[in-house]
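So you can see what is in the structure, the chains are spelled out below.
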Amino acid sequence: MGKYIDKPASLKIDLMLRGIRIEDPVVQAWACGSSGIDILLPRDTLVNIPCREVFTRNSPYTIRRSGEDYFITDGKGEVPVKLVPKPAFCGGSTSTGVPFRDIAASHGSYTVVTPSKRCDFFNRSIECRYCAGNFNVAGGPDRVYTVDEVIETVGAVLKEKASGIIYLSIGFSPGDDGGIEFLKPYITAVKKNFNCLVAVEALPPRENRWIDETYAIGADSVLYNLEIFDKELFEIICPGRAALIGRKRYMEALGYAAKIFPNGTVASHLIVGLEPPGSTCMGIDCLTDMGVVPVLPIYRPSSEKDLRIEPLTTEIILPVYKHLYKAIKKKKVNLNWVRDLSMVTTPAEIKDLVDDSKGGLMDSFYKSRLGMKTAWGLSSLRRKLRVVDKDPEHEH
């Protein structure tokens, strides 16, 4: 038996670091055209595994098919797994002819909707050096999807039950509002038309009143992704964020948002692999002290952007994830909003590595459809109470 094969959380991290070799023709067809393949490991642990040859040629992991069943093996042991079908909505399009997959992408429990792929950092040549996300347009067509197109897309996602949380994402744009004025009609339309949770992934606004506005118009969660905690590396790797927003403003905005939004719904990415593990741990402590959930994606290098520190192994970074879980529990930050993500190992998944209990009743509840509906109802009630409380007309 291999070192991690029977530990789903550790196996997820090792698979994301090393990838998987796919030799079976059926699985190759399943993964065709993808840089990663979504697979469900034991204990309902969802993972997106890199599968391109240049990344995976030294990986010990392969996937084996036996009839209708699939197994991941490391050469010493194996575990049963399930291939996760690509959401059917990806094959559809809006009434204007835009493929839904151009507007939205599902990653487990959440779907990212990007109304505009433009990030002004690219046009100023100060983009984040690791960027391989949606915002990679420099001088390209400034196509902005309409509210109706986004609503059609979200409707298709929710009808299929592909995800329960809609993330509205925006890159950097000039202005003091962090892009919330642009996103406002999309947020209000989604909340008007659907009973779902909405998260905003944006850059911090210059003034806190825009954070109040983000909550008031219906966002249930907000992410301001610092990405790198180390000050010098932040300035080198994220030149646009450092020059036009600043690390200090990130901290101020995250701290303020954590006072406005419910416990556990303010989050920030710290990318594992772009700074020393000890630095990531200091970032975890800083964020959890403010009540912010650190989310730790593992940097996935490409041939063009190989910035990863070396060596980077599961043995080295596993203590970072354990530190994350302990810090969140110590600060009593709610774990239930950031969970079941294919691209990231969440604090809830690490629980099994630190605490041998198999998960309590509340874990199962928040994963259920009833739990999601309850979360939506509580979120709406809290917003009504808070926004009324802050309205000067209601103060007396």
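In the block above lies the structure referred to throughout.
Given the structure is predicted, the values throughout are model-derived calculations rather than measurements.

About the cut-offs
Residues numbered from 1 in each chain as written. Predicted model: local features only at pLDDT ≥ 70, side-chain atom pairs only at ≥ 80, totals over all residues. Heavy atoms only, no water. Helix = DSSP H or I, 4+ residues; strand = E, 2+ residues; numbered from the N terminus. Expected span 1.5 Å × (residues − 1). Buried < 20%, exposed > 50% of the residue type's maximum accessible area, 1.4 Å probe, protein only. Polar contact = N/O pair within 3.5 Å; in protein donor to acceptor, adjacent residues only side chain to side chain. Contact = heavy atoms within 4.5 Å. Axes fitted to C-alpha atoms, helices over the stretch in contact; angles between N-to-C directions. Parallel < 35°, antiparallel > 145°, perpendicular 65-115°, else oblique. Left-handed = near helix turned anticlockwise from the far one by under 90°. Lys, Arg positive; Asp, Glu negative; His and termini not counted. Salt bridge = Lys/Arg side-chain N within 4 Å of Asp/Glu carboxyl O. Pairing = 2+ DSSP bridges.

A. View of helix α7 (residues 180-193). The end-to-end C-alpha distance of α7 is 19 Å, a good match for the 20 Å that 14 residues give at a rise of 1.5 Å each. For α7, every residue scored as buried is listed here: I180, L183, Y186, I187, A189, V190 and K191.

B. Spatial organisation of the side chain of R241. In this structure, R241 sits in helix α10 (residues 239-244). Among the residues examined, R241 registers a relative accessible area of 11% and is labelled buried. A polar side-chain atom of R241 sits 2.8 Å from a polar atom in the side chain of Y250. Once you skip the residues sitting within four places of it in the chain, R241 turns out to touch F121, C128, Y130, L203, N225, E227, F234, G246 and Y250.

C. Region of the structure containing the packing of helix α1 (residues 8-18) against helix α13 (residues 314-330). Where α1 contacts α13, the axes come no closer than 10 Å and their chain directions differ by 130 degrees. With respect to each other, α1 and α13 are oriented oblique. Crossing of α1 against α13: the hand is right-handed. Within the contact between the two elements, α1 uses S10, I13, D14 and L17 and α13 uses T314, I317, L318 and Y321.

D. Up close: the side chain of D74. By the element assignment, D74 lies in the loop between β4 (69-73) and β5 (78-83). Within the buried set, D74 has no salt-bridge partner at all; the shortest N-O distance to an opposite charge, 6.6 Å, is to K76. A distance of 2.9 Å separates a polar atom in the side chain of D74 from the backbone nitrogen of G77.

E. Spotlight on the sheet that holds strand β9 (residues 197-202). One open sheet accounts for seven strands, arranged β6-β7-β8-β9-β10-β11-β12; its pairing is mixed. In this open sheet, the two edge strands, each paired with only one partner strand, are β6 (104-106) and β12 (293-295). Neighbouring strand axes in the sheet, compared pairwise and without regard to direction, differ in orientation by 25 degrees on average. As defined by bridge partners, strand β10 (residues 221-224) adjoins strand β11 (residues 266-269) across two bridges and the pair is classed as parallel.

Keep in mind these numbers describe shape, not what the thing actually does.
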